[in-house]
Amino acid sequence: MIQREIEPGLIAYTCPKSGGFWIDHEHYWQWLLKQPGFPKSTPAIDDMPVLDEDEHNRPLISPQSGRLMTKYRVGHGLKFRVDHDSISGGFWLDKGEYELIRERNIHDELHLICSPEYQLELAKLDAKAVMDQRVEALLGSERCTLIRNLASKLEDPQIQSVAIAYLKQCLDEANNQT
């Protein structure tokens, strides 16, 4: 492994064979504590779930502890997973993965990505995406867009209640006409 600075003040170790990065727990936290805006209290999860599996689903052995590492989904539209060593606290990123998380400005959230809270939010986004796909298959894209646009204009809960009641009335009237 070749020591390399991947960000000012962040030391990582590059595997000359695979091109992947090992980011040591201590180096990561020393660097992270100096970052503006630290600490981030909640993971920044966007609304871009990816349901595809990581193509590199092989178990990896930590170069530090020699133990199997756990894979954590990154989200943000990225298909890969970060490998985390729960014993040493280090992170493994395959070749090109660090650059992708850096482009999305989540390179300082590796510890959050590997948290149960973050992974639960990704699972919720996945479930919502599946539900949205099922509803759209049933109603069609045009109707779903119409409903979403209407919902976005009804912000006040009192107005929402009236709008839902009125929609039900309109549906009843439409059903009675047939």
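Going by the structure above, here's the rest.
All values derive from a computational prediction rather than experimental measurement. (Residues numbered from 1 in each chain as written. Predicted model: local features only at pLDDT ≥ 70, side-chain atom pairs only at ≥ 80, totals over all residues. Heavy atoms only, no water.)

Participant: Looking at this structure, how should I read the packing of helix H4 (residues 116-139) against helix H5 (residues 141-153)?
Facilitator: The relative placement of two packed helices comes down to the angle between their axes together with the axis-to-axis distance. At a minimum axis separation of 7 Å, H4 and H5 run at an interaxial angle of 120°. Between H4, through Val-135, Glu-136 and Leu-139, and H5, the contact on the second element is made entirely by Ser-141, Arg-143, Cys-144, Ile-147 and Arg-148. Taken together, the residues of the contact of H4 with H5 break down into four nonpolar, one polar and three charged. (Axes fitted to C-alpha atoms, helices over the stretch in contact; angles between N-to-C directions. Helix = DSSP H or I, 4+ residues; strand = E, 2+ residues; numbered from the N terminus. Contact = heavy atoms within 4.5 Å. Nonpolar A, V, L, I, M, F, W, Y, C, P; charged D, E, K, R; others polar.)

Participant: Please clarify how the pattern of salt bridges should be interpreted in this entry.
Facilitator: Opposite charge on two side chains allows them to pair when their charged atoms are near. One pass over the structure, following the stated rule, counts seven salt bridges. The closest approach of N and O atoms between Glu-7 and Arg-102, which form a salt bridge, is 2.6 Å. Here the residue Glu-7 occupies a position in strand E1 (residues 2-7), and Arg-102 occupies one in helix H2 (residues 97-103), the gap between them amounting to 95 residues. On the basis of relative accessible area, Glu-7 is assigned to the buried category, the value being 10%. Since its relative accessible area comes to 34%, Arg-102 is described here as partly exposed. (Salt bridge = Lys/Arg side-chain N within 4 Å of Asp/Glu carboxyl O. Buried < 20%, exposed > 50% of the residue type's maximum accessible area, 1.4 Å probe, protein only.)

Participant: What is the right way to look at helix H1 (residues 25-32) in this model?
Facilitator: Note: α-helices contain 3.6 residues per turn, so residues at a spacing of three or four share the same orientation. Residues of H1 that are buried: Tyr-28, Trp-31 and Leu-32. Along the long axis of H1, the arc covered by the buried residues comes to 95°, so they all point the same way. For H1, the elements touching its buried residues are E1, strand E2 (10-14), strand E3 (21-23), strand E6 (91-93) and helix H3 (110-113). For H1, the N-terminal capping position is held by Asp-24, with its side-chain oxygen 3.0 Å away from the main-chain nitrogen of Glu-26. (Arc of directions from axis to C-beta. Polar contact = N/O pair within 3.5 Å; in protein donor to acceptor, adjacent residues only side chain to side chain.)

Participant: Would you take a moment to explain the sheet that holds E2 for this structure?
Facilitator: Within a sheet, adjacent strands bond to each other through the backbone by hydrogen bonds, running parallel or antiparallel. Read across the sheet, six strands follow the order E1-E2-E3-E6-E5-E4 without closing on themselves; strand pairing throughout is antiparallel. Unpaired on one side and paired on the other, E1 and strand E4 (70-75) mark the two borders of the sheet. Each adjacent strand pair in this sheet contributes to an overall mean axis angle of 35°, direction not counted. Strand contacts of H1: E1, E2, E3 and E6, with the helix running at about 150° to E2, the strand carrying the most contacts. (Pairing = 2+ DSSP bridges.)

Participant: Hey, could you run me through the side chain of His-84 in this one?
Facilitator: You can see His-84 is positioned in strand E5 (residues 78-84). Excluding anything up to four places from it in sequence, His-84 contacts Met-69, Thr-70, Tyr-72, Gly-89, Gly-90, Phe-91 and Cys-114.

Participant: Quick question: what am I supposed to make of H4 here?
Facilitator: Compared with an ideal rise of 1.5 Å per residue, which puts 24 residues at 34 Å, H4 spans 34 Å between its outermost C-alpha atoms and is within 8% of the ideal. Tyr-118, Gln-119, Leu-122, Leu-125, Asp-126 and Ala-129 are the residues of H4 that are buried. On the buried face of H4, the contacting elements are E4 and H3. Looking one or two residues beyond H4, the residue adopting positive phi is Gly-140, at roughly 95°. (Expected span 1.5 Å × (residues − 1).)

Participant: How should the pairing of E1 be read in this particular structure?
Facilitator: If a strand is regular, its side chains alternate between the two faces of the sheet. Pairing of E1 with E2 involves five bridges; the strand directions are antiparallel. Along E2, the bridge assignment pairs Glu-5 with Ile-11. The hairpin turn running from E1 into E2, its antiparallel successor, is two residues long, and Gly-9 in that turn takes a positive phi close to 90°.

Participant: Where do I start with the nonpolar core in this structure?
Facilitator: Looking at soluble globular proteins, one finds that nonpolar side chains tend to be buried together. Counting residues in hydrophobic clusters, the biggest one holds 23 residues, and the most contacted among them are Ile-23, Val-74, Tyr-98, Ile-101 and Leu-110. Setting aside its immediate chain neighbours within four residues, Tyr-98 contacts Ile-6, Glu-7, Leu-10, Phe-21, Ile-23, Leu-93 and His-107. One finds Cys-15, Trp-22, Leu-60 and Trp-92 within the second-largest nonpolar core, a separate group that totals five residues. (Core = buried A, V, L, I, M, F, W, Y, C linked by side-chain atoms within 4.5 Å.)

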